[in-house]
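Examination of the molecular architecture
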Amino acid sequence: DAKTTQPNSMESNEEEPVHLPCNHSTISGTDYIHWYRQLPSQGPEYVIHGLTSNVNNRMASLAIAEDRKSSTLILHRATLRDAAVYYCILGRFLNNAGNMLTFGGGTRLMVKP
Amino acid sequence: NAGVTQTPKFRVLKTGQSMTLLCAQDMNHEYMYWYRQDPGMGLRLIHYSVGEGTTAKGEVPDGYNVSRLKKQNFLLGLESAAPSQTSVYFCASSYLGILYEQYFGPGTRLTVT
């Protein structure tokens, strides 16, 4: 199964942009890149996902390398509420049905006021 | 619109006891999932369902059973609890497969002594 590699932790200052990297060198052509985050004592929350092109939504931007072996989640202006564990996940079909997300260790983002 | 709810929120079991965790969603989603999260780790998929009356094994299914008798409910059963099943259990649902985000419940913290 394709795996992702993320730094264990990162720090950011409030109101500054944050770039969270993810390596997925064994990604296959049908793997989507998903990002979820988990705030303390809560269930994970969807952030963004993409296949090949860069993606933007109200929460973040996802920049995908041309060879798809790496990607970067961009939070344009970090707030204290963005302090969470961020998971980069490769999602793949389960026998043409379902959506298996294999969570790794994630990156713990700390935001300083 | 409650989203995904889980019952109970906390439970303590003795080794060998049985219990059922209930997950309910009110978003008319086809797919539902059960994950477990051990301390300091990412989530691992236990079982999943792609529709009413169907279930399938995930990454760590041993010691668990599931049922999806109604579209909105997904039950996770532990027939004979073991200390190794001490974990936080998350349920999730999604409209369809890989292109759709998963919505997670708040989790059930289970301790087996």
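Just above, that's the structure.
A brief report on the enclosed structure follows.

Basis of the calculations
- Residues numbered from 1 in each chain as written.
- Chains lettered and ligands numbered in written order.
- Predicted model: local features only at pLDDT ≥ 70, side-chain atom pairs only at ≥ 80, totals over all residues.
- Heavy atoms only, no water.
- Disulfide = S-S within 2.5 Å.
- Helix = DSSP H or I, 4+ residues; strand = E, 2+ residues; numbered from the N terminus.
- Phe/Tyr/Trp six-rings, centres within 6.5 Å; stacked < 30°, edge-to-face > 60°.
- Buried < 20%, exposed > 50% of the residue type's maximum accessible area, 1.4 Å probe, protein only.
- Pairing = 2+ DSSP bridges.
- Axes fitted to C-alpha atoms, helices over the stretch in contact; angles between N-to-C directions.
- 1 Å grid on protein atoms, 1.4 Å probe; cavity = no way out; pocket = protein on both sides within 12 Å on 5 of 7 lines; lining within 4 Å.
- Points joined across faces, edges and corners; volume = space filled by probe spheres on them.
- Nonpolar A, V, L, I, M, F, W, Y, C, P; charged D, E, K, R; others polar.
- Contact = heavy atoms within 4.5 Å.
- Buried area = accessible area lost by both parts, 1.4 Å probe.
- Salt bridge = Lys/Arg side-chain N within 4 Å of Asp/Glu carboxyl O.
- Polar contact = N/O pair within 3.5 Å; in protein donor to acceptor, adjacent residues only side chain to side chain.

**With respect to the state of the cysteines**
Residue and element names in this part refer to chain A. One pass over the structure, following the stated rule, counts two disulfides over all chains. Note on cysteine connectivity: cysteine 22 is disulfide-linked to cysteine 88, with sulfurs 2.1 Å apart. Judged by the torsion about the S-S bond (-80 degrees), the cysteine 22/cysteine 88 disulfide is left-handed. With cysteine 22 in strand S2 (residues 18–23) and cysteine 88 in strand S8 (residues 84–94), this residue pair connects regions lying 66 residues apart in the sequence.

**Points about the packing of aromatic side chains**
The description of an aromatic ring pair uses the distance of the two centres, along with the angle that the planes make with each other. Scanning the model with the defined rule gives nine aromatic pairs over all chains in all. Between phenylalanine 103 of chain A and phenylalanine 104 of chain B, the aromatic rings sit 6.2 Å apart at their centres with planes inclined by 90 degrees, giving edge-to-face as the arrangement. Placement of phenylalanine 103 of chain A in the loop between strand S9 (97–101) and strand S10 (107–112) and of phenylalanine 104 of chain B in strand S10 (residues 103–104) is noted, with the two residues assigned to different chains. You can call phenylalanine 104 of chain B buried: its relative accessible area is 12%. Geometrically, the ring pair formed by tyrosine 33 of chain B and tyrosine 35 of chain B is tilted, given 6.3 Å between the ring centres and 35 degrees between the ring planes. Of the residues examined, tyrosine 33 of chain B reaches a relative accessible area of 0% and is grouped as buried. Taken together, the ring pairs connect Tyr36, Tyr46, Tyr87 and Phe103 of chain A together with Tyr33, Tyr35 and Phe104 of chain B into an aromatic cluster.

**A short note on the sheet that holds strand S8 (residues 73–78) of chain B**
All names here are of chain B. One open sheet holds the four strands; their spatial order is S1-S3-S8-S7, and the pairing between them is antiparallel. Edge positions in the open sheet fall to strand S1 (4–7) and strand S7 (65–67), since each of these has one partner strand only. Pairs of neighbouring strands in the sheet enclose a mean axial angle of 20 degrees, with direction left out of account. Relative to S8, S7 runs antiparallel, the two being bridged by three bridges. Paired with valine 66 across the two strands is leucine 76, which belongs to S8.

**Considering the layout of surface pockets**
Space left empty within the atom packing is revealed by a probe, the size of a water molecule, rolled over the atoms. Considered as a void within the structure, the largest pocket measures approximately 630 Å³ in volume. In terms of lining residues, the largest pocket is bounded by 29 residues, among which Gln38 and Ser41 of chain A together with Gln37, Val88 and Arg109 of chain B are the most central. At four residues, strand S11 (residues 108–112) of chain B tops the list of elements feeding residues into the lining of the largest pocket. Taken together, the residues of the lining of the largest pocket sort by class into twelve nonpolar, 13 polar and four charged. Around the second largest pocket sit 21 residues that line it, and Pro44, Glu45 and Tyr46 of chain A together with Tyr103 and Phe104 of chain B are the ones nearest its centre. At the level of secondary structure, the elements contributing two or more residues to the lining of the second largest pocket comprise strand S4 (45–50) of chain A together with S10 of chain B.

**What about the side chain of serine 61 of chain A?**
Along the chain, serine 61 of chain A falls in strand S6 (residues 61–64). With residues up to four places along the chain from it excluded, the contact list for serine 61 of chain A reads Ile48, Val55, Asn56, Thr72, Leu73, Ile74 and His76 of chain A.

**With respect to the interface of chain A and chain B**
Taken together, the 22 residues of chain A in the interface contact 21 residues of chain B. Roughly 1,800 Å² is buried in total at the junction of chain A and chain B, and carbon and sulfur atoms are behind 62% of that figure. Applying the counting rule to chain A against chain B returns zero salt bridges. At the boundary of chain A with chain B, the tally comes to three residue pairs in polar contact (both at pLDDT 80 or more). When contributions to the side of chain A that touches chain B are tallied by element, the ones reaching two or more residues are strand S3 (32–38), S4, S8 and S9 of chain A. Classifying every residue of the side of chain A that touches chain B by side-chain character gives eleven nonpolar, ten polar and one charged.

**Some words on unusual backbone geometry**
Residue threonine 7 of chain B is joined to proline 8 of chain B through a cis peptide bond whose omega torsion reads -5 degrees. Even without being a glycine, glutamate 15 of chain A presents a positive backbone phi close to 70 degrees. Positionally, glutamate 15 of chain A belongs in the loop between strand S1 (9–13) and S2. Unlike most non-glycine residues, asparagine 28 of chain B shows phi in positive territory, near 60 degrees. Of note, asparagine 28 of chain B is situated in the loop between strand S3 (19–25) and strand S4 (31–37).

Such coordinate-based values are descriptive only and should not be taken to indicate function.
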